[in-house]
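Commentary on secondary and tertiary structure
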Amino acid sequence: MSDFIHVFTPPAEPGGPILLLLHGTGGNEHDLLPLAELLLPGAGVLSPRGKVLENGMPRFFRRLAEGVFDIPDLKLRTQELAEFVAETAKTRGFSTKQVVAVGFSNGANIAGSMLLLRPDVLGGAVLFRAMVPLVPDTMSDATKTPVLISNGRVDPLVSAEQTEQLASLLRSSGADVTVAWQNSGHELTQQDVTTAREWLAQRRSRPAAR
Ligand code: MLT
């Protein structure tokens, strides 16, 4: 049993979306709860706390330096988080197709890694300030999984090339990727919230593609 300290709230309607909230470095399971409320009121939430500590700050996987990831640890942590989502779906009685990851920074990076290695546990994803987490040896099939990447034009941590590389990597696994550019750096803005809210609403009005 893979376990994480977490918050779970079921969706208002049975079968409704469940946002898998993945915080940034130094965050916790409570950080993104207000964001979830803004993005999709009535959605369920599954919000785990990252288990890796960097100088006391929770993260979802180890890094060797800023933007330089410990790939074996990232792979292991991605599988662990995917198992947690799959097991929680079983015990709480929902389908993983209902699950839409919403990740910021380090949380967006593990969500990207899940899309690349374990797309079976996600119905979609919103990635705020995401980088290329890893390049998998073999591509998984994420056919038609809707993904929104919302990145900043002047982010000192994530270059435009990184963003484009992530988008094309995800597209090559079949994901349906939208890239939204915000006039900002690494921090989240109101425009990120508006973009993601509209994207999620549009997606809800269409029947699930997979
Ligand atoms: C990461 O480590 O995932 C990225 O550098 C973003 C961050 O968390 O600072």
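One can find the structure itself at the top, above this paragraph.
So, here's what we can say about the structure. (Residues numbered from 1 in each chain as written. Predicted model: local features only at pLDDT ≥ 70, side-chain atom pairs only at ≥ 80, totals over all residues. Heavy atoms only, no water.)

Another point: the sheet that holds strand 2 (residues 18–22). Reading across from one edge, 1-3-2-8-9-10-11 is the order of the seven strands in this open sheet, with mixed pairing throughout. Each end of this open sheet is capped by a strand with a single partner; those strands are strand 1 (6–9) and strand 11 (176–182). When strand polarity is set aside, the average angle formed by the axes of neighbouring strands in this sheet is 15°. Judged from the seven bridges that link them, strand 10 (residues 146–152) and strand 11 form a sheet pairing that is parallel. (Pairing = 2+ DSSP bridges. Helix = DSSP H or I, 4+ residues; strand = E, 2+ residues; numbered from the N terminus. Axes fitted to C-alpha atoms, helices over the stretch in contact; angles between N-to-C directions.)

By size, the foremost hydrophobic cluster in this structure holds 42 residues, and its most contacted members are Leu-20, Leu-127 and Leu-170. Of all elements in the fold, only strand 2, helix 2 (71–92), strand 8 (99–104), helix 3 (106–117), strand 9 (124–128), strand 10 and helix 4 (160–172) reach the threshold of two or more residues within this core. With 21 residues, the next largest nonpolar core counts Leu-35, Val-100, Val-126 and Trp-199 among its residues. (Core = buried A, V, L, I, M, F, W, Y, C linked by side-chain atoms within 4.5 Å. Buried < 20%, exposed > 50% of the residue type's maximum accessible area, 1.4 Å probe, protein only.)

Moving on, we come to unusual backbone geometry. Located in the positive-phi region is Asn-55, a residue other than glycine, with phi close to 50°. Take Asn-55: it is sitting in the loop between strand 4 (52–54) and strand 5 (57–59). Exposure remark for Asn-55: the relative accessible area of 77% places this residue in the exposed category. Notably, Lys-144 is not glycine yet its phi reads approximately 70°, a positive angle. With respect to the element layout, Lys-144 can be found in the loop between strand 9 and strand 10. The exposed category is assigned to Lys-144, whose relative accessible area is 53%.

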